[in-house]
Amino acid sequence: MADHLTLTAAQLVDEPPRGIAGSAYRYQRRELVEPDWRRFPGWRAVSAEQWRSPRWQRAHSIRNPRQLREVLGSLVSDEIYDDLALDQQKFATMPLLMPPQMLNTVMPHREPAGPGSLTEDFLADPVRRYMLPLAGDRSAQWPSHPLAERDSLHEAEMWVAEGLTHRYPTKVLAELLSTCPQYCGHCTRMDLVGPPTPGTDKRRFEAKPAARYPAMLDYLRANPTVRDVVVSGGDVGNLPWPRLESFVAELLTIDSVRDIRLASKALLTLPQHWLQQEVLDGLSRLARLAGRRGVGLAVHTHANTVQTITPLAAEAARAVLATGVRDVRNQGVLLRGVNDSPEALLDLCFALQDEAQVVPYYFYLCDMVPHSEHWRTSLHQAQRLQAALMGWLPGFATPRLVADVPDLGKRWVHQVADYDQVRGIASWTGADEHAQFRSYDPVDTLPPEGRAWWEARSRSAGGH
């Protein structure tokens, strides 16, 4: 458990200081708590040693409604299990996979009180809303935006070697694998990542890693304009450590590569993996090598809600930093009903920065993949949220809210060139100011005339 925390000065005043008058938010340092997993019937006999085992965590991850029922039993209603099964069969673009560590952050402060006692809290829980989506969560009229695409950012079209996306002039994305220790329902790479679902086939890498990885490295050696490599997938937490260390060590032999970022949501959702001695020793070796070469080596993780920042997650983040890695940064996703309020975002950012030493970096607007409409937020709401965050955190730890615009790239939400809020159409420009790129608000958030326009457009295109 976390050490005792003393009250801060901000807790000792009744009113916010001058300059933020009118804000309902109050900062206070909060003690992190690891929820007691034994409150759930299926885990009553699980020991602390088992809980800290990455092998046990992976073996007992939730993969279907039956396994969820084995953990929660009658604490939630039968309708929830049925609705989860219906969603997996009809809507889900990602298979169900949730480690016990992450499921344990659902309803962290609720104690069971008999059959059905957790139903309401389970339905409302923000982690549940994006990790265990139900058919009843989806928008009935607009489960998908009319222009939604499986590869919404067109990353595969920018492959210069299989799995190596060269989207920005000096930066590439190396997708080493197509699996994760957990699957988020809103995954932007749903076209590639994870096994197929009943309603969604998946793209598959054609070449084996033994052929793909050298092809990526050859491209980087031949293109010295690339200085920044994001090593991702999938989640590198699923890659056997020797294979990941070997690839990164090869990157460090390429003189033009100056920044390397390892992307793993599992740092916070399966911290047991990153706390393994083999992993920490390997990171130390890579950090020393990077330091000798003057290369920035960082880890990027993905947390969307404060309740996932537990003592064990914070321990893993601090342990990774102790190896000599330059930074651990968080890239979350702005999700409706999950973290779309200033309070939710500030609570998360302060927990990351204060307790886990993780820098709040980005919050992306949820990408326009199929069946994601109920998660997405409008651009103007994101603009309001960005304004609400300003002034609370240090500048280096104030996250940027960004739209990842197809065929253009990341843009701060206030960089929009033109914005039709009625139809929810935002226009963006790049280096060529005459070239226009567009992003779209969720249809159900538009005013009546905007929804009518999209309904007419859909009918003329064959309906939805």
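Trainee: Quick question: what am I supposed to make of the nonpolar core here?
Mentor: Soluble globular proteins: nonpolar side chains tend toward being buried together. In this structure, Leu176, Val231 and Ile260 are the most contacted members of the largest nonpolar core, which totals 117 residues. If you tally residues by element for this core, the top one is helix H14 (residues 342–356), at eight residues. Apart from the residues within four sequence positions on either side, Val231 is in contact with Ala174, Leu176, Val236, Leu244, Phe247, Leu251, Ile260, Arg261, Leu262 and Ala263. Membership of the second largest hydrophobic core comes to eight residues, among which are Leu97, Tyr183, Cys187 and Val193.

Trainee: Help me understand unusual backbone geometry, please; the structure alone is not making it clear to me.
Mentor: Comment: phi is negative for the bulk of residues other than glycine, and the bulk of peptide bonds are trans. Of note, the amide linkage connecting Gly233 to Gly234 takes the cis form, showing an omega dihedral of 20 degrees. With respect to the helices and strands, the residue Gly234 is situated in the loop between strand S4 (228–232) and helix H9 (241–251). Although it is not a glycine, His154 sits at a positive phi angle of roughly 60 degrees.

Trainee: Could you clarify how one ought to interpret the pairing of strand S9 (residues 400–405) in this entry?
Mentor: For a regular strand, side-chain orientation follows a simple rule: the groups alternate between the two sheet faces. Summarising burial for S9: five of the six residues are buried, a large majority. Note that the unit made of strand S8 (residues 359–365), helix H15 (residues 379–389) and S9 has a crossover that is right-handed. Bridge analysis of S9 against strand S10 (residues 409–412) gives four bridges, and the strand direction is antiparallel. Across the sheet, the residue bridging to Val402 is Trp412, located in S10. Between the end of S9 and the start of S10, which pair antiparallel, lie three residues, with Asp407 showing a positive phi angle near 70 degrees.

Trainee: Would you mind showing me how to read the state of the cysteines here?
Mentor: As used here, a disulfide is simply a covalent bond connecting the sulfur atoms of two cysteines. Scanning the entire structure with this criterion turns up zero disulfides. Counting only cysteine sulfurs, Cys187 is the nearest neighbor of Cys180, a cysteine outside any disulfide, at a range of 6.2 Å. Among the residues examined, Cys180 registers a relative accessible area of 12% and is labelled buried. Classification of Cys187 as buried rests on a relative accessible area of 16%.

Trainee: Would you mind going over the sheet that holds strand S5 (residues 259–263) with me for this structure?
Mentor: Note on sheets: strands pair through backbone hydrogen bonds, and any given pair is parallel or antiparallel. Strand order in this open sheet of 10 strands is S1-S2-S3-S4-S5-S6-S7-S8-S9-S10, and the pairing throughout is mixed. Because the sheet does not close on itself, it has two edges, and the strands there are strand S1 (159–161) and S10. For this sheet the average axis-to-axis angle between neighbouring strands, irrespective of direction, equals 30 degrees. Here S1 pairs with strand S2 (residues 164–168) via two bridges, running antiparallel. Among the inter-strand pairings, Trp159 is bridged to a residue of S2, identified as Thr165. Sheet strands touched by H15: strand S7 (327–334), S8 and S9. Its angle to S9, the strand with the most contacts, is close to 155 degrees.

Trainee: In this structure, what is going on with the pattern of salt bridges? I would like to understand it.
Mentor: For side chains of opposite charge, pairing can occur when their charged atoms come near one another. In the structure shown here, the tally under the stated rule is 23 salt bridges. The partner of Arg138 in a salt bridge is Asp87, and the shortest N-O contact between them spans 2.8 Å. Residue Arg138 is found in the loop between helix H7 (126–131) and S1, and its partner Asp87 is found in helix H4 (residues 78–90); the two are separated by 51 residues along the sequence. Asp87 matches Arg138 in its accessibility class, with the two residues each being buried. Ionic pairing is found between Arg150 and Asp191, a salt bridge with its closest N-O pair at 2.8 Å. In this pair, Arg150 sits in the loop between H7 and S1 while Asp191 sits in the loop between strand S3 (171–175) and helix H8 (209–222), placing the two residues 41 residues apart along the sequence. Where salt bridges share partners, they join Arg150, Asp191 and Arg203 into one cluster.

Basis of the calculations
- Residues numbered from 1 in each chain as written.
- Predicted model: local features only at pLDDT ≥ 70, side-chain atom pairs only at ≥ 80, totals over all residues.
- Heavy atoms only, no water.
- Core = buried A, V, L, I, M, F, W, Y, C linked by side-chain atoms within 4.5 Å.
- Buried < 20%, exposed > 50% of the residue type's maximum accessible area, 1.4 Å probe, protein only.
- Helix = DSSP H or I, 4+ residues; strand = E, 2+ residues; numbered from the N terminus.
- Contact = heavy atoms within 4.5 Å.
- Right-handed = clockwise from strand over helix to strand, strands pointing away.
- Pairing = 2+ DSSP bridges.
- Disulfide = S-S within 2.5 Å.
- Axes fitted to C-alpha atoms, helices over the stretch in contact; angles between N-to-C directions.
- Salt bridge = Lys/Arg side-chain N within 4 Å of Asp/Glu carboxyl O.

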